[in-house]
Amino acid sequence: MLRSDMKPTLQPDDLLNVIVSAENPEVTVPFNFPQIQGNYQLNENQSNIKTYLIDNDGFIEFPVVGKLKLGGLTRTQAISALSEKVSFYIKNPSINLRILNYKISILGHVVKPGSYTIPSERITLLEALSLAGDLTIYGKRNNILVIHEEEGKKTYNRIDLTKVDILNLEHYYLAQNDIIYVEPNKTAVNGSIIGPNTGLYLSGLTVLLSLILVLKS
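These numbers were taken from a predicted model, which means no experiment stands behind them.

Each value, and the rule that gives it
- Residues numbered from 1 in each chain as written.
- Predicted model: local features only at pLDDT ≥ 70, side-chain atom pairs only at ≥ 80, totals over all residues.
- Heavy atoms only, no water.
- Pairing = 2+ DSSP bridges.
- Helix = DSSP H or I, 4+ residues; strand = E, 2+ residues; numbered from the N terminus.
- Axes fitted to C-alpha atoms, helices over the stretch in contact; angles between N-to-C directions.
- Contact = heavy atoms within 4.5 Å.
- Salt bridge = Lys/Arg side-chain N within 4 Å of Asp/Glu carboxyl O.
- Buried < 20%, exposed > 50% of the residue type's maximum accessible area, 1.4 Å probe, protein only.
- Expected span 1.5 Å × (residues − 1).
- Arc of directions from axis to C-beta.

Please clarify how the sheet that holds strand β5 (residues 94-99) should be interpreted in this entry.
Two orientations exist for strands paired in a sheet by backbone hydrogen bonds: parallel and antiparallel. Read across the sheet, three strands follow the order β2-β1-β5 without closing on themselves; strand pairing throughout is antiparallel. Each edge of the open sheet is held by one strand with a lone partner, namely β2 (51-53) and β5. Shown here is a sheet whose adjacent strand axes are inclined to one another by a mean of 30 degrees, direction ignored. Note that strand β1 (residues 15-21) and β2 share three bridges and pair antiparallel. If you follow N17 over to β2, its bridge partner there is T51. Set on the sheet, helix α1 (residues 75-86) makes contact with β1 and β5; between it and β5 the angle comes to about 140 degrees.

So this is what it looks like as structure tokens:
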């Protein structure tokens, strides 16, 4: 199955925003507590949102319902699980679920390395690299490393950006917390072996030789 056909699954440390809606808004109040306290820094558009952190065992503590395991489920599956539980108390509830801290990290020879929050919960490798300003001239395009972790297990996957069938590669579509590493090409490696001050030394040597020739003449 291609990665493009797969959907990201919820993992421990994912921070969720869950809003319950219904025909009668009053019955949803117990499920939509406002954000009172917490150590997660929210932006100005999220200041009143109640958030739920998935614990190491994959559970959240949801109002009225209690502990509910969402870890390992896709977003659609998690919504179904929440809807099933809330249906005991509300007729035909509507569940809106978002991952607030969905991010990827891009390291190595890119223009702007760092971690990037992804609001759409879906991003391709090329889109991720464009966020980082693309590869530098020293980045190796035919051996991009994508580190993916699922259920505590890391996999290391190599992708060649120069291949025509890149869209069909398994890890072309990235998942939550994926790490992309762009390794140096031969030019960068050779440059590091020679050293950044080599040009200065050669320039100094040229000046010294010229001085010797002038003194001898």
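How should I be thinking about the pattern of salt bridges in this particular structure?
A side chain with one charge may pair with a side chain of the opposite charge, provided their charged atoms come close. Here the structure, examined in full by the defined rule, presents four salt bridges. The partner of K154 in a salt bridge is E149, and the shortest N-O contact between them spans 3.3 Å. Among the residues examined, E149 registers a relative accessible area of 38% and is labelled partly exposed. The partner of R158 in a salt bridge is E183, with the nearest N and O atoms 3.1 Å apart. With R158 in strand β10 (residues 153-159) and E183 in the loop between β12 (179-182) and α3 (186-194), this residue pair connects regions lying 25 residues apart in the sequence. Accessibility expressed as a relative area gives 49% for R158, which makes it partly exposed. Relative accessible area serves as the criterion here: at 16%, E183 is assigned to the buried category.

Which parts of the structure should I look at to understand unusual backbone geometry?
Peptide bonds are trans in most cases, and residues, glycine excluded, mostly fall at negative phi. For V64, which is not a glycine, the phi torsion comes out positive at approximately 70 degrees. Although it is not a glycine, N177 sits at a positive phi angle of roughly 70 degrees. Locating N177 in the fold gives a position in the loop between β11 (173-174) and β12. The class of N177 is partly exposed, set by a relative accessible area of 33%.

For this particular structure, what's the right way to read the environment of E127?
Mapped onto the secondary structure, E127 falls in helix α2 (residues 125-131). A sequence separation of 47 residues divides E127 from L174, and the C-alpha atoms of the two residues are 9.7 Å apart.

I keep staring at α1 and nothing clicks. Help me out?
Spacing of three or four residues puts side chains on the same side of an α-helix, whose turn is 3.6 residues. Helix length check: α1 (12 residues) gives 16 Å between terminal C-alpha atoms against 16 Å at 1.5 Å per residue, within 8%. Of all the positions in α1, only A78, I79, A81, L82 and V86 are classed as buried. One face of α1 carries all of its buried residues, which in axial projection span an arc of 160 degrees. In this fold, the buried residues of α1 make contact with β1, β3 (59-62), β4 (66-69) and β5.

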